Amino acid sequence: MNVPFLSFEPQHAPLRGAIADAFARVYDSYWYILGEEVKQFEQEYAAFNHVAHTVGVANGLDALVLALRVLGVGPGDEVIVPSNTYIATWLAVTQVGATPVGVEPELATSNLDPALIAAAITPRTRAIMPVHLYGQACRMTEIMDIAAEYNLYVVEDNAQSQGAVFDGGITGSFGHVNGTSFYPGKNLGALGDAGAVTTNNDDLAQKVRILHNYGSQKKYYNEVVGYNSRLDELQAAVLRVKLPELAEWSRQRQQVAAWYNQYLVDIADLRLPAVAAGATHVYHLYVVHTPHRDALQQHLTEQGIGTLIHYPIPPHQQQAYQDLQLPVGHFPIAEELATTCLSLPMWPGMNEEHVAAVAAAMQSFSLR
Ligand SMILES: *Cc1c(COP(=O)(O)O)cnc(C)c1O
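All figures in this text were calculated on a predicted structure; none of them were measured in a lab. (Residues numbered from 1 in each chain as written. Predicted model: local features only at pLDDT ≥ 70, side-chain atom pairs only at ≥ 80, totals over all residues. Heavy atoms only, no water.)

Topic: the site of the ligand
Looking at the ligand, the residues that line it are Asn59, Gly60, Leu61, Tyr86, Ala88, Val131, Asp157, Ala159, Gln160, Ser181, Tyr183 and Lys186. Side-chain polar atom of Gln160 to an oxygen atom of the ligand: 2.8 Å apart, as the coordinates give it. One of the side-chain N or O atoms of Lys186 is found 3.2 Å from an oxygen atom in the ligand. Out of a free accessible area of 380 Å², the ligand has 91% covered by protein chains. A class-by-class count of the residues in the shell around the ligand yields 6 nonpolar, 4 polar and 2 charged. (Near = heavy atom within 4 Å. Polar contact = N/O pair within 3.5 Å; in protein donor to acceptor, adjacent residues only side chain to side chain. Areas by Shrake-Rupley, 256 points an atom, 1.4 Å probe, with all protein chains shown as cover. Nonpolar A, V, L, I, M, F, W, Y, C, P; charged D, E, K, R; others polar.)

Below, the structure is given as structure tokens:
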């Protein structure tokens with residue numbers, strides 16, 4: 001049995017009619033930018049995410065850039081970021097002119113280690129950006145306490161973890177201003193690029209609203225040098241159809257993870273994802289670790305099992321960041337995770353037979 005890394009079919013086929021209706025609604029409205037769909041989606045997503053405000057933007061990277069901008073983070077400032085995140089987290093810091101300062105994750109969860117944050121704080125540090133990597137909530141209670149102690153802002157990168165919870169709080173609602181992504185493959189995905197800023201702060205929400213729309217509240221009156229980073233009416237209409245399904249899709253992802261945990265338990269040299277006490281995991285990705293990663297991936301490909309690597313090169317080793325001059329070995333945990341991680345197929349609608357097929361292919365590798 002072939003198992004693709006990702007199939008949209010079980011999510012999208014049943015919604016075909018509803019999404020076509022949403023497209024028709026936008027088409028017939030004769031209003032294509034910042035209209036009723038964006039407005040409604042922003043309210044619906046704010047309710048889902050337990051925040052006072054959602055501002056739809058063009059993509060997840062822009063959401064993080066706008067969050068840092070409205071907090072006044074800029075040149076000369078440092079921002080604490082995980083050493084093992086997707087590059088977008090680092091890029092957002094660089095794009096506002098600040099410097100990303102990496103902090104290592106915990107090996108077991110791949111999430112930022114709160115115990116290592118204080119040592120990275122300098123007089124220039126302005127913010128901490130926790131990333132709820134792979135869909136697991138970071139230990140937000142400790143992170144918020146450190147931020148309060150050192151008078152720092154928190155900007156959550158919630159791109160992979162819509163609906164995850166830590167100690168009763170939902171990700172994307174802890175930080176001062178937070179960003180999320182609706183890139184198609186994310187847990188809540190549009191049919192193209194899309195993202196959002198979430199916050200409980202009225203003033204910061206209003207600043208994002210102004211900045212994302214040319215620095216303007218009143219058409220043709222520009223208060224600040226803004227961006228064009230708006231959520232599309234069409235994408236908002238699609239997201240409104242998909243949002244009510246998200247909780248069920250997360251439940252299905254958790255069921256798939258539970259099957260994996262059960263089927264993969266006895267395989268030698270294989271570390272399964274751990275969930276921290278107090279955290280929930282919405283399994284944007286199900287990531288295992290093994291020293292034989294490349295050979296295992298090759299074997300799985302030959303057996304018809306799709307896998308990906310998130311991520312093969314940590315940000316500090318990317319060519320884009322060579323001017324930071326962080327040598328090999330600078331972030332040993334991030335570097336180890338990058339050489340050992342493998343993401344197995346994970347999508348709502350996967351059934352136990354799919355998981356059993358992946359597990360059988362994994363077992364035939366370890367028995368070779
Ligand atoms: C996807 C992602 C982003 C960026 O989102 P885009 O919509 O692709 O710009 C940022 N951070 C993380 C952790 C992501 O996974």
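A short note on the state of the cysteines
According to the stated counting rule, one finds 0 disulfides in the structure shown. Free of any disulfide, Cys341 has its nearest neighbouring cysteine sulfur in Cys138, separated by 17 Å. Its relative accessible area of 1% is what places Cys341 among the buried residues. (Disulfide = S-S within 2.5 Å. Buried < 20%, exposed > 50% of the residue type's maximum accessible area, 1.4 Å probe, protein only.)

Section: helix H8 (residues 233-242)
Of all 10 residues that make up H8, 8 are buried, and the element is covered over most of its length. For H8, the set of buried residues is Glu233, Gln235, Ala236, Ala237, Val238, Leu239, Val241 and Lys242. On its buried face, H8 is in contact with helix H1 (9-12), helix H2 (16-29), helix H3 (36-48) and helix H9 (246-263). (Helix = DSSP H or I, 4+ residues; strand = E, 2+ residues; numbered from the N terminus. Contact = heavy atoms within 4.5 Å.)

Some remarks on helix H11 (residues 332-340)
Within H11, burial applies to Ala334, Glu335, Leu337, Ala338 and Thr340. On its buried face, H11 sits against strand E12 (286-289), helix H10 (293-302) and strand E13 (341-344).

Side note on the domain arrangement of the protein chain
One can read the domain layout of the protein chain as domain 1 (9-242) and domain 2 (245-366). Averaged C-alpha coordinates put domain 1 and domain 2 at centres separated by 24 Å. Listed by partner, the interface residues are 41 residues for domain 1 and 38 residues for domain 2. Summed over both sides, the interface of domain 1 with domain 2 buries roughly 3,300 Å², with 63% coming from carbon and sulfur. The three residues of domain 1 that bury the most area against domain 2 are Leu107, Tyr134 and Asn187, which together make up 22% of that side's buried surface. At the junction of domain 1 with domain 2, the criterion picks out 20 residue pairs in polar contact (both at pLDDT 80 or more). Elements with a minimum of two residues in the side of domain 1 that touches domain 2: H1, helix H5 (87-95), strand E3 (99-103), strand E6 (165-166) and H8. Per-class residue counts for the side of domain 1 that touches domain 2 are 19 nonpolar, 17 polar and 5 charged. (Domains from an automatic or database assignment. Buried area = accessible area lost by both parts, 1.4 Å probe.)

Considerations on a nonpolar patch on the surface
Taken together, Tyr27, Tyr30, Tyr32, Ile33 and Leu34 make up a surface patch of nonpolar side chains, about 580 Å² in accessible area. Secondary-structure assignment places Leu34 in the loop between H2 and H3. For Leu34, a relative accessible area of 31% corresponds to the partly exposed category. (Patch = residues over 30% accessible without salt bridge, like charges linked within 9 Å, V, L, I, M, F, W, Y side chains within 5 Å. Salt bridge = Lys/Arg side-chain N within 4 Å of Asp/Glu carboxyl O.)

With respect to the nonpolar core
Leu68, Val79, Met129 and Val177 are the most contacted members of the largest nonpolar core, which totals 30 residues. Counting only elements with at least two residues in this core, the list comes to strand E1 (53-57), helix H4 (60-70), strand E2 (78-82), H5 and helix H7 (202-211). In terms of residue count, the dominant contributor to this core is H4 (7 residues). Shared between two domains, this core takes at least three residues from each, and those domains are domain 1 (9-242) and domain 2 (245-366). Not counting chain neighbours up to four residues away, the residues in contact with Met129 comprise Leu64, Leu68, Val79, Ile80, Val81, Pro82, Thr89, Val93 and Val155. By size, the runner-up hydrophobic cluster in this structure holds 26 residues, among which are Ala257, Tyr260, Leu342 and Met346. (Core = buried A, V, L, I, M, F, W, Y, C linked by side-chain atoms within 4.5 Å.)

Points about the sheet that holds strand E8 (residues 178-181)
Spatially, 3 strands are ordered E1-E9-E8 in an open sheet, and the strand pairing comes out antiparallel. Bordering the open sheet on either side are E1 and E8, each of which pairs with just one other strand. Averaged over all pairs of adjacent strands, the angle between strand axes in this sheet comes to 25°, irrespective of strand direction. Relative to strand E9 (residues 195-199), E1 is paired through 5 bridges, and the arrangement is antiparallel. Note on E9: the bridge partner recorded for Thr54 is Thr198. In the packing of H3 onto the sheet, contacts are made with E1, E8 and E9, and the angle to E1 comes to roughly 130°. (Pairing = 2+ DSSP bridges. Axes fitted to C-alpha atoms, helices over the stretch in contact; angles between N-to-C directions.)

Remarks on the packing of H9 against helix H12 (residues 352-366)
Their axes nearest at 10 Å, the elements H9 and H12 cross at an angle of 35°. In this structure, H9 meets H12 at a crossing whose hand is right-handed. Where H9 abuts H12, its residues Val256, Trp259, Tyr260 and Tyr263 lie against Glu352, Val355, Ala356, Val358, Ala359 and Gln363. When the residues that make up the contact of H9 with H12 are grouped by side-chain class, the tally is 8 nonpolar, 1 polar and 1 charged. (Left-handed = near helix turned anticlockwise from the far one by under 90°.)

Overview of the pattern of salt bridges
As enumerated under the stated definition, the model contains 10 salt bridges in all. Note that Glu142 is salt-bridged to Arg139, the shortest N-O span being 2.7 Å. Look at Glu142 and you get partly exposed, because its relative accessible area is 32%. The residue Arg251 makes a salt bridge to Glu248 at a minimum N-O spacing of 3.0 Å. A residue pair is termed a helical-turn pair when its members lie 3 or 4 positions apart in one helix, as Arg251 and Glu248 do in helix H9 at 3 residues. A relative accessible area of 45% means that Arg251 is categorised as partly exposed. Using a relative accessible area of 32% as the deciding quantity, one classes Glu248 as partly exposed. Where salt bridges share partners, they join Arg25, Glu37, Glu44 and Arg240 into one cluster.

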